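# Overview (structure and organization)
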Amino acid sequence: MNEYLIVDGYNIIGAWPELQKLKDIQLVEARDRLIDILADYQAYSGIRVYIVFDAHRVPGLAVKTEQRRLKIFYTKEKETADELIERLVNDLIGRRNRIYVATSDMVEQHVIFGKGALRISARELLLKVRQSQQDIGRELEKTERGKRNSFDAVLTPEMKQLFEKWRRGDS
């Protein structure tokens, strides 16, 4: 089964405390930080992540780009993120696809649920991301612990004894 997570970018930025503080200083940095966080989450979880940023007040064409293996969408002029998210859900829905949409917009949650997608609130996504970060940390710790004595693990007892003699200066 293929799993997709479609994220309402500015909705999540406005809901996560770390990103909300960054947004107040510089919106571009908050956007970049969200992309970094979700790229790590995608790499760990294996779920395919799409991020949609609202640009309906900005003149111009829609932009679709890929950054850190994430698909990032900027809406076209006079198009909301919700409209693009609904279109993506329609395009992805199928027998072998499970689609999640991360937004705290209740109206949008009801609409995408009616189309067959599952919803994740901004808070739920934050908890999933934090859990994956903790899991990654534990995995790294295990790897580091295993590496500390990796040379020791491949030595025979006789070789260990010989090295210990040399270390002590015994002949």
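Note: the structure precedes this text.
So, a few notes on the structure that sits alongside this text. (Residues numbered from 1 in each chain as written. Predicted model: local features only at pLDDT ≥ 70, side-chain atom pairs only at ≥ 80, totals over all residues. Heavy atoms only, no water.)

Counting residues in each nonpolar core, the largest one holds 26 residues, and the members touching the most others are L5, V7, W16, L34, L38, I51 and L125. Here this core gets seven residues from one element, more than from any other, and that element is helix 3 (residues 27-45). In this structure, L5 is in contact with Y41, I47, R48, V49, Y50, Y100, A102, I120 and L125, ignoring residues within four places of it in sequence. With 15 residues, the next largest nonpolar core counts V52, L84, V89 and A117 among its residues. (Core = buried A, V, L, I, M, F, W, Y, C linked by side-chain atoms within 4.5 Å. Buried < 20%, exposed > 50% of the residue type's maximum accessible area, 1.4 Å probe, protein only. Helix = DSSP H or I, 4+ residues; strand = E, 2+ residues; numbered from the N terminus. Contact = heavy atoms within 4.5 Å.)

Looking now at the packing of aromatic side chains. Using the criterion set out here, one finds five aromatic pairs in the structure. When the ring of Y4 is compared with that of Y50, the centres are 5.8 Å apart and the planes differ by 65°; the resulting orientation is edge-to-face. One end of the pair, Y4, is in strand 1 (residues 2-8); the other, Y50, is in strand 2 (residues 48-53), and 46 residues separate them in sequence. In this structure Y4 comes out as buried when scored by relative accessible area, which is 15%. Its relative accessible area of 8% is what places Y50 among the buried residues. Seen in terms of ring centroids, Y50 and F73 are 5.6 Å apart; in terms of plane orientation they differ by 45°. Their pairing is tilted. Of this pair, Y50 sits in strand 2 while F73 sits in strand 4 (residues 70-74); the two residues are 23 residues apart in sequence, bridging distant segments of the chain. Among the aromatic residues, those joined into a cluster by ring pairs are Y4, Y50 and F73. Cation over ring: R31 sits above F53, and NZ or CZ is 5.8 Å from the ring centre. (Phe/Tyr/Trp six-rings, centres within 6.5 Å; stacked < 30°, edge-to-face > 60°. Lys NZ or Arg CZ within 6 Å of the ring centre and 35° of its normal.)

Strand order in the open sheet formed by six strands is 3-4-2-1-5-6, with mixed pairing between adjacent strands. A single partner strand is all that each edge strand has here, and the edge strands are strand 3 (63-67) and strand 6 (118-120). Taken over all neighbouring pairs, the strand axes of this sheet differ in orientation by 25° on average, direction set aside. The pairing of strand 3 with strand 4 spans five bridges and is classified as antiparallel. (Pairing = 2+ DSSP bridges. Axes fitted to C-alpha atoms, helices over the stretch in contact; angles between N-to-C directions.)

Looking now at a nonpolar patch on the surface. On the surface, M159, L162 and W166 cluster together into a nonpolar patch covering about 300 Å² of accessible area. With respect to the helices, strands and loops of the structure, M159 is situated in helix 8 (residues 157-168). (Patch = residues over 30% accessible without salt bridge, like charges linked within 9 Å, V, L, I, M, F, W, Y side chains within 5 Å. Areas by Shrake-Rupley, 256 points an atom, 1.4 Å probe, with all protein chains shown as cover. Salt bridge = Lys/Arg side-chain N within 4 Å of Asp/Glu carboxyl O.)

Across the six residues of strand 5 (residues 97-102), five count as buried, placing the element largely inside the fold. In terms of handedness, the path from strand 5 via helix 5 (residues 106-114) over to strand 6 forms a crossover that is right-handed. (Right-handed = clockwise from strand over helix to strand, strands pointing away.)

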